[in-house]
Amino acid sequence: ETGVTQTPRHLVMGMTNKKSLKCEQHLGHNAMYWYKQSAKKPLELMFVYNFKEQTENNSVPSRFSPECPNSSHLFLHLHTLQPEDSALYLCASRHSGGTYNEQFFGPGTRLTVL
Amino acid sequence: QKEVEQNSGPLSVPEGAIASLNCTYSDRGSQSFFWYRQYSGKSPELIMFIYSNGDKEDGRFTAQLNKASQYVSLLIRDSQPSDSATYLCAVMGTGGFKTIFGAGTRLFVKA
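All values derive from a computational prediction rather than experimental measurement. (Residues numbered from 1 in each chain as written. Chains lettered and ligands numbered in written order. Predicted model: local features only at pLDDT ≥ 70, side-chain atom pairs only at ≥ 80, totals over all residues. Heavy atoms only, no water.)

Looking now at the overall build of chain B. Of the regular secondary structure elements, chain B holds 0 helices and 11 strands. In sequence order, the secondary structure elements of chain B are arranged as β-β-β-β-β-β-β-β-β-β-β. What you see for chain B is a C-alpha radius of gyration of 13 Å, in line with the 13 Å of a compact globule of 111 residues. Considering only C-alpha atoms, chain B reaches an extent of 40 × 30 × 20 Å along its principal axes. Put simply, chain B has 111 residues, and 44% of those count as buried. The averaged location of the 10 negative side-chain charges in chain B is 4 Å from the averaged location of its 11 positive side-chain charges. (Helix = DSSP H or I, 4+ residues; strand = E, 2+ residues; numbered from the N terminus. Rg over C-alpha atoms; globule rule 2.2 N^0.38 Å. Buried < 20%, exposed > 50% of the residue type's maximum accessible area, 1.4 Å probe, protein only. Lys, Arg positive; Asp, Glu negative; His and termini not counted. Charge placed at Lys NZ, Arg CZ, Asp CG, Glu CD.)

Each partner contributes residues to the interface: chain B has 19 residues there, and chain A has 22 residues. A buried area of about 1700 Å², summed over both sides, lies between chain B and chain A, and 59% of it is on carbon and sulfur atoms. Summed over the shared surface of chain B and chain A, the result is 0 salt bridges. One can count 3 residue pairs in polar contact (both at pLDDT 80 or more) joining chain B with chain A. Elements with a contribution of two residues or more to the side of chain B that touches chain A: β4 (32–38), β9 (85–92) and β10 (99–101) of chain B. If one sorts the elements of the side of chain B that touches chain A by residue count, β4(B) sits on top with 4 residues. (Contact = heavy atoms within 4.5 Å. Buried area = accessible area lost by both parts, 1.4 Å probe. Salt bridge = Lys/Arg side-chain N within 4 Å of Asp/Glu carboxyl O. Polar contact = N/O pair within 3.5 Å; in protein donor to acceptor, adjacent residues only side chain to side chain.)

Next comes the structure, spelled out in structure tokens:
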């Protein structure tokens, strides 16, 4: 599946590092999402962007900073993370024009914070 | 109360049997309901969606929706070992942008 791509696929970082996750969608969608998936927990919605505007910030700590320069690209900037932030970070996209359109997920970035 | 609840399992069924996965949700105004399959180490992939009360069939999969009971289920007929995965129930609420996921039910199909 190449509709939604994410880089890097794996990332190991120290608590003092700064890194960024990238998501790109080639589906012509106009809504993009960041989710966090920890072991044995439900997918946690972090941020929603609709037509490049942030419409949802689900009480995410400020050490996670999203950026959406256009409808096809979404970034998640990371700084001074904690070990409990280690998780799979998933990007998704969908058409926002209809109620019924499903989300398409990227392959995810497996993040480990040491 | 969790917004979307699923039995975490694992649910174990023999090959060829029917697997029944259940999900309840709390937002009575929810309009769209999705079932995703997630293999270990992979991202979720959509297998079924349903919007209206009743049954919807697609191959070996049948989704069932009962809005009055706030209940949605997924039946997998003729279960195969390749169906072994975690199945996520997802509900899109009245806002239109936010999809809430359940924690998932782990299904194991024994050969």
